[in-house]
Amino acid sequence: MWLLEWRYLWAAALALVLLGGVLFVLARRRKRQRASRLALPRLSDEDIAFLALTWQGAPAPDMELAPVHASVDEAAPVSAGDDAVPASAEASSPLDAVFNQLSTPGGVCATRSLGEALREQEPIIRAAVDMGEGPGVSFKIAGAVEWPLWTRLYHTDADDVPTSALGTSSVQAAVAGNSEAMSPIAQAPVVPTLENVAPAELLDALESFLRQRPDDLETRRAVGLSLLADAQDQLDEPVRAGMLDASIRILREVTHVDHDNLPAEKLGEACYLRALIGPDIDEELLGEAERVLREAMQQDARPHSGAAWQLQRVLHAAPRGMARERVAARLEEACQLLARGAQTPCGPSAWKAALLTTEWRWLMACCQNATERRLRLRELHARWLPAMEAETTAEVLAAWVGLLCAMAESLSAPLALERYTEARGALRRLLADDGESPRYARAAAQVALGRARLERDPVRAALLDQADTVLQPFVDRDDSLRLEACRVALTQAQGMDMVGARSFYLRAIDLARPLTAAPTLTVDALRCMLTALLALGEEKDRRVYAKCLEIAAEDDDAQSQLLLAECQLRTADHRAGCLHAELAWRAGAALSPTLLALWQAAYPAWAARAGTSAELARNRQALRMASSAAGVGNRAAP
């Protein structure tokens, strides 16, 4: 009898749960119908999950997610589809709560390549959010952006720009004579700039401004050039990318009708700078930059022209997968351009410094044999040495330090230390000419890190402390130097017990976390994060960062594949760990004895569950060869 009573109780409970679920769904649908939707493209569930993963903390006090007249319920986008996330936030939904608080720009944007990859990982990302990992990890990532997503969400209409934000402009003279009274923007004949408009409003304001003056070529030219100049002062890569995109669109229009060489030259520069923003170089934009600059050089044949300078920069860029021969040929052409420019009376020291750097990079690209490379670098050093002994220009001295460090990396310890000693003399002259500048900090950190790999404590510790000291003033002003400081912290932690190393690993995490929002540095920053999290034994955040690195890294990225293999093998994901270990080995990584042992232990567990497959057989063959190369018996694959 008591079983029968319990059965009735369970049936009643189930009915109540189903009734509650129906009422909950109906209530959410009514709220969705009442919500005011944005006129801009709506976000999908995975987009919102991605935003939740990228949220960095409390919203900025001076920025709203939607126009000031809209409520929070009206501001939240609604996803398309039956399982869309509603516009109004429910207290029971951490995902909605995070999204409705999200208002900090912080690089919350995605492009075709990385964005599509993230969408393919929708179940994993959504699962991370459901487990509460998304809001907890304070994770930021961005791909090669087009428009920052937070800029698209900021206004319901591109024309809805507050007129009070417009004031005087540095390029006001370009439109001083235009006094039509067509709209609030047209009544104030000024061009919006970062001096008078917030970054989140600038691009929309400029688009509105230029639409009122479709035939004003001088204004468009001034705006395009001003955007390019302002973009190079922006530290936030997504903001810089958006400004460069706008500059490119405007300068393309101007170049077609303006026969002056300057817009074409600046268009090439803008395309080049924009092509570099992202985990991979944009080959289409890089090709456009090269084409435009070559055409500009035909009109300005001076060896030291601006187009020639920009073209040699373009030739330095090598998209992923470009053949070594092609890379060497491009660098050789860049050397020829720089040699001609440096020989002219007008050729500044920048040409000389760029020529020195390009020459040693060309040698590194074209000489595959290590012995030949060392010989050619020694000849290059001997050729430049007489001039360098009396050189006092900061740009050239920094390039000279770069050559000395490149030589030291391929030499044995005693000979390498001689090069580093020579570099220290150049650093003293660099400091005297340039002071404690970012250029000096980068060169000094490079020398200190190189020497630290060869020295022992206490000399090693003193060198790393010195590198950290010179980098500290710039970690919040230069992302590349922040990454360098992160690497210094990881190097300081190596060789120490966990008690002493813990503070350095935590510092590395603090330095690397914001860099995951910089598209160019995303993979490097994720690698630093995982290195520190693995050392600390942290699991929750590590799984999310590992999944993001898995999305962003290429199969031939040996360092990333090593980290991913260790992450997966530690969590007993046998198949994924074995496959990443195989990719790392095929990419040329040196497997540590610890990782090789983990691979050997995981393979039988995977084979027992997977049965027979081509994937399993290929992994077994790679494991055998890796074990043989390391001189270790293969206990897993008979």
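Nothing here was measured: the structure is a model prediction, and the numbers come from that model.

The rules we used
Residues numbered from 1 in each chain as written. Predicted model: local features only at pLDDT ≥ 70, side-chain atom pairs only at ≥ 80, totals over all residues. Heavy atoms only, no water. Helix = DSSP H or I, 4+ residues; strand = E, 2+ residues; numbered from the N terminus. Buried < 20%, exposed > 50% of the residue type's maximum accessible area, 1.4 Å probe, protein only. Areas by Shrake-Rupley, 256 points an atom, 1.4 Å probe, with all protein chains shown as cover. Core = buried A, V, L, I, M, F, W, Y, C linked by side-chain atoms within 4.5 Å. Contact = heavy atoms within 4.5 Å. Expected span 1.5 Å × (residues − 1). Polar contact = N/O pair within 3.5 Å; in protein donor to acceptor, adjacent residues only side chain to side chain. Salt bridge = Lys/Arg side-chain N within 4 Å of Asp/Glu carboxyl O. Disulfide = S-S within 2.5 Å. Phe/Tyr/Trp six-rings, centres within 6.5 Å; stacked < 30°, edge-to-face > 60°. Axes fitted to C-alpha atoms, helices over the stretch in contact; angles between N-to-C directions. Left-handed = near helix turned anticlockwise from the far one by under 90°. Nonpolar A, V, L, I, M, F, W, Y, C, P; charged D, E, K, R; others polar. pLDDT = per-residue confidence, 0-100.

Novice: Teacher, can you tell me more about the overall build of the chain here?
Specialist: Scanning the chain from terminus to terminus reveals 30 helices and zero strands. Within the span of the chain, comprising 638 residues, buried residues form 49% of the whole. Surface summary for the chain: the accessible area is close to 30,300 Å², and the carbon and sulfur share equals 53%.

Novice: Please clarify how the nonpolar core should be interpreted in this entry.
Specialist: Proteins that are soluble and globular tend to have nonpolar side chains buried together. Among the nonpolar cores identified, the biggest contains 82 residues, and W400, V401, L403, L427, L471 and L530 are the most heavily contacted of them. In terms of residue count, the dominant contributor to this core is helix 19 (residues 394–409) (twelve residues). Discounting chain neighbours no more than four positions away, the residues touching L471 are A441, A445, L481, E484, A485 and V488. Ranked by size, the runner-up nonpolar core spans 38 residues in total, among them A231, I248, V254 and A264.

Novice: What am I meant to see in the environment of D555 here?
Specialist: Topologically, D555 is positioned in the loop between helix 26 (540–552) and helix 27 (558–570). A sequence separation of 32 residues divides D555 from A587, and the C-alpha atoms of the two residues are 7.8 Å apart. In contact with D555, other than residues within four places in its own chain, are Q561, L583 and A587.

Novice: Help me understand helix 13 (residues 261–276) in this model?
Specialist: One turn of the α-helix equals 3.6 residues, which is why residues spaced by three or four share an orientation. Counted at 1.5 Å a residue, the expected span for helix 13 with its 16 residues is 22 Å, and the 23 Å between its end C-alpha atoms agrees. Burial within helix 13 is extensive, with 13 of its 16 residues counted as buried. Of the residues one or two after helix 13, G278 is the one with positive phi, at around 145 degrees.

Novice: Help me understand helix 14 (residues 283–299) in this model?
Specialist: In this model, helix 14 (17 residues) spans 25 Å end to end at C-alpha, consistent with the 24 Å of a helix rising 1.5 Å per residue. Packed against the buried residues of helix 14 are helix 12 (237–257), helix 13, helix 15 (306–316) and helix 16 (324–342). Between the side-chain oxygen at the start of helix 14 and the backbone nitrogen of E284 there is a gap of 3.0 Å, and the oxygen is on D282.

Novice: Is there a simple way to think about the pattern of salt bridges in this case?
Specialist: Between side chains of opposite charge, a pair can form as their charged atoms come close. The final tally for this structure, using the stated rule, is 33 salt bridges. For the salt bridge of E288 with R252, the shortest nitrogen-to-oxygen distance reads 2.6 Å. Here E288, found in helix 14, pairs with R252, found in helix 12; they are 36 residues apart in sequence, far enough to count as distant. A residue is classified by how much of its surface remains accessible, and E288, at 14% relative accessible area, is buried. A salt bridge links E269 to K266; its shortest N-O distance comes to 3.4 Å. One end of the pair, E269, and the other, K266, are both in helix 13, three residues apart, so they sit about a helical turn from each other.

Novice: Hey, could you run me through the state of the cysteines in this one?
Specialist: Per the stated rule, a full pass over the model turns up zero disulfides. Residue C486 stays outside any disulfide, its sulfur separated by 3.7 Å from that of C528, the closest cysteine.

Novice: Looking at this structure, I do not really get the packing of aromatic side chains. What am I missing?
Specialist: Each aromatic ring pair is specified by the distance between its two centres and by the angle formed by the two planes. Scanning the entire structure with this criterion turns up two aromatic pairs. On the numbers, 6.2 Å between centres and 85 degrees between planes, the contact of Y603 with W606 is edge-to-face. Of the two residues, Y603 and W606 both sit in helix 29 (residues 593–610), three residues apart, roughly one turn of that helix. By relative accessible area, W606 is classed as buried at 5%.

Novice: Would you take a moment to explain the packing of helix 11 (residues 217–231) against helix 12 for this structure?
Specialist: A pair of packed helices can be characterised by two numbers: the angle between their axes and the separation between those axes. Where helix 11 contacts helix 12, the axes come no closer than 8 Å and their chain directions differ by 145 degrees. Like other packed secondary-structure pairs, helix 11 and helix 12 cross with a definite hand, here left-handed. Taking contact as the criterion, the partners of L217, R220, R221, V223, G224, L225, L227, L228, D230 and A231 in helix 11 are, on helix 12, R240, M243, L244, A246, S247, I250, L251, E253, V254 and V257. When grouped by side-chain class, the residues that make up the contact of helix 11 with helix 12 number 13 nonpolar, two polar and five charged.

Novice: Before we go on, may I ask you to explain the environment of E391 in this structure?
Specialist: Topologically, E391 is positioned in the loop between helix 18 (370–389) and helix 19. Owing to a relative accessible area of 9%, E391 belongs among the buried residues under this scheme. Spatially, the C-alpha atom of E391 lies 8.8 Å from that of A426, the residues being 35 residues apart in sequence. In this view, E391 contacts K352, V396, L397 and R429; residues no more than four positions away in its chain are not counted. Within the local environment of E391, its side chain forms a polar contact with the side chain of K352, the two groups lying 3.0 Å apart.

Novice: Which parts of the structure should I look at to understand the environment of R542?
Specialist: Looking at where R542 falls in the secondary structure, it is placed in helix 26. Sequence-wise, R542 and L530 are twelve residues apart; in three dimensions their C-alpha atoms are separated by 6.4 Å. Other than its neighbours up to four places away in sequence, R542 contacts L530, L533, L534, G537, C567, R570 and T571.

Novice: Hey, could you run me through the side chain of D524 in this one?
Specialist: Along the chain, the position of D524 falls in helix 25 (residues 522–536). Of the polar contacts made by the side chain of D524, one reaches the side chain of R527; its length is 2.4 Å. The residues contacting D524, other than those within four sequence positions of it, are L483 and R487.

Novice: Before we go on, may I ask you to explain the packing of helix 25 against helix 27 in this structure?
Specialist: Contact geometry for helix 25 and helix 27: axes closest at 10 Å, N-to-C directions at 35 degrees. In this structure, the crossing between helix 25 and helix 27 has a hand that is left-handed. Contacts from V523, R527, L530, T531 and L534 in helix 25 reach Q559, S560, L563, L564, E566, C567 and R570 in helix 27. Looking at the contact of helix 25 with helix 27, its residues break down into six nonpolar, three polar and three charged.

Novice: Sorry if this is basic, but what is going on with the confidence of the model for the chain here?
Specialist: Regions with low pLDDT carry predicted coordinates that are not meant to be interpreted in detail. For the chain, mean pLDDT is 74; residues scoring 70 or higher make up 67% of the total. Across residues 29–126, confidence stays below pLDDT 50; counting only partners more than four residues off in sequence or on other chains, it has 177 contacts.

Novice: Quick question: what am I supposed to make of the side chain of T516 here?
Specialist: Here T516 lies in the loop between helix 24 (498–512) and helix 25. Judged by its relative accessible area of 0%, T516 falls in the buried class. At 2.7 Å, the side chain of T516 forms a polar contact with the backbone oxygen of R513.

Novice: How should unusual backbone geometry be read in this particular structure?
Specialist: Where the residue is not glycine, phi is negative for most of them; where a peptide bond is considered, it is trans in most cases. The amide bond that connects D457 to the next residue, P458, takes the cis arrangement and shows omega of 5 degrees. Phi at A572 is positive, roughly 65 degrees, even though this residue is not glycine. Along the chain, A572 falls in the loop between helix 27 and helix 28 (574–586).

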